[in-house]
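Observations on the three-dimensional arrangement
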Amino acid sequence: MKAQCLCGAVRVSATEIKRTAACHCSMCRRLSGHIWASGVVMNEDIEITGDVRWFASSNKAERGFCPTCGSAMFYRPIGGDHVAVALGAIDMPTGLTLEKHIFTADKGDYYDIADGLPQT
């Protein structure tokens, strides 16, 4: 898997994405402008090049973005064993499918989730 930010300054290569999800929490909606769709990659399976700025969005997690173009690229739990990569940044064809929706109780009131995927 290969991915990059909008300007190409931050690049990612990974060997395996373990799971995918669309997050509807208020932080992810504010970060992305809608929902945050990402895939989990274990720390040992990912290589990130370029200057990534990390923002501590809570005491549990931080978000990574490109300081040049502003692309939101990553989510990672502080001290965790993985990083979530924005699905929209991955080069196509991705070969991935969305598996579930998370934090749906916090979703925006301007849309419905009607794809039949599991919701938590």
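Higher on the page you've got the structure.
Let us look at the structure shown here. (Residues numbered from 1 in each chain as written. Predicted model: local features only at pLDDT ≥ 70, side-chain atom pairs only at ≥ 80, totals over all residues. Heavy atoms only, no water.)

**Observations concerning the overall build of the chain**
- The helix and strand inventory of the chain stands at one helix and ten strands.
- When the helices and strands of the chain are read in sequence order from the N terminus, they spell out β-β-β-α-β-β-β-β-β-β-β.
- Against the compact-globule benchmark of 14 Å for 120 residues, the chain has a radius of gyration of 14 Å, which places it among compact chains.
- Within the chain, the fraction of its 120 residues that count as buried is 38%.
- Pairs at least 24 apart in sequence give 55% of the contacts found in the chain among residues at least 6 apart.
- When the accessible surface of the chain is summed, it comes to about 6,900 Å², and 52% of that surface belongs to carbon and sulfur atoms.
- Of the charged side chains in the chain, 12 are positive and 13 negative, and the gap between their average positions amounts to 5 Å. (Helix = DSSP H or I, 4+ residues; strand = E, 2+ residues; numbered from the N terminus. Rg over C-alpha atoms; globule rule 2.2 N^0.38 Å. Buried < 20%, exposed > 50% of the residue type's maximum accessible area, 1.4 Å probe, protein only. Contact = heavy atoms within 4.5 Å. Areas by Shrake-Rupley, 256 points an atom, 1.4 Å probe, with all protein chains shown as cover. Lys, Arg positive; Asp, Glu negative; His and termini not counted. Charge placed at Lys NZ, Arg CZ, Asp CG, Glu CD.)

**Some words on the nonpolar core**
- Counting residues in hydrophobic clusters, the biggest one holds 22 residues, and the most contacted among them are Val10, Ile46, Met73, Phe74 and Val85.
- When residues of this core are traced back to their parent elements, those giving at least two are β2 (11-14), β4 (36-42), β8 (72-77) and β9 (82-86).
- Of all the elements, β9 adds the most residues to this core, at three residues.
- Setting aside anything within four residues of it in sequence, one finds Met73 in contact with Gln4, Cys5, Val10, Val12, Trp36, Gly64, Phe65, Ala84, Val85, Ala86 and Ala89. (Core = buried A, V, L, I, M, F, W, Y, C linked by side-chain atoms within 4.5 Å.)

**A closer look at the pattern of salt bridges**
- Throughout the structure, instances matching the rule amount to three salt bridges.
- With a shortest N-O distance of 3.5 Å, Lys18 and Glu16 are connected by a salt bridge.
- Here Lys18 falls in the partly exposed class, since its relative accessible area comes to 40%.
- Of the residues examined, Glu16 reaches a relative accessible area of 40% and is grouped as partly exposed.
- For Arg76, the salt bridge is made with Glu62, and the minimal N-O distance between the two is 2.6 Å. Remark: Glu62 occurs in strand β7 (residues 61-65) and Arg76 occurs in strand β8; sequence separation between them is 14 residues. (Salt bridge = Lys/Arg side-chain N within 4 Å of Asp/Glu carboxyl O.)

**Thoughts on the layout of surface pockets**
- When its volume is computed, the largest pocket comes out at roughly 430 Å³.
- Lining the largest pocket are 21 residues, and of these Cys23, Ser38, Tyr75, Ile102 and Phe103 sit closest to its centre.
- Counting only elements with at least two residues in the lining of the largest pocket, the list comes to β3 (20-23), α1 (26-32), β4, β7 and β9.
- Per-element accounting of the lining of the largest pocket gives the leading share, four residues, to β4.
- Broken down by class, the residue content of the lining of the largest pocket amounts to twelve nonpolar, six polar and three charged. (1 Å grid on protein atoms, 1.4 Å probe; cavity = no way out; pocket = protein on both sides within 12 Å on 5 of 7 lines; lining within 4 Å. Points joined across faces, edges and corners; volume = space filled by probe spheres on them. Nonpolar A, V, L, I, M, F, W, Y, C, P; charged D, E, K, R; others polar.)

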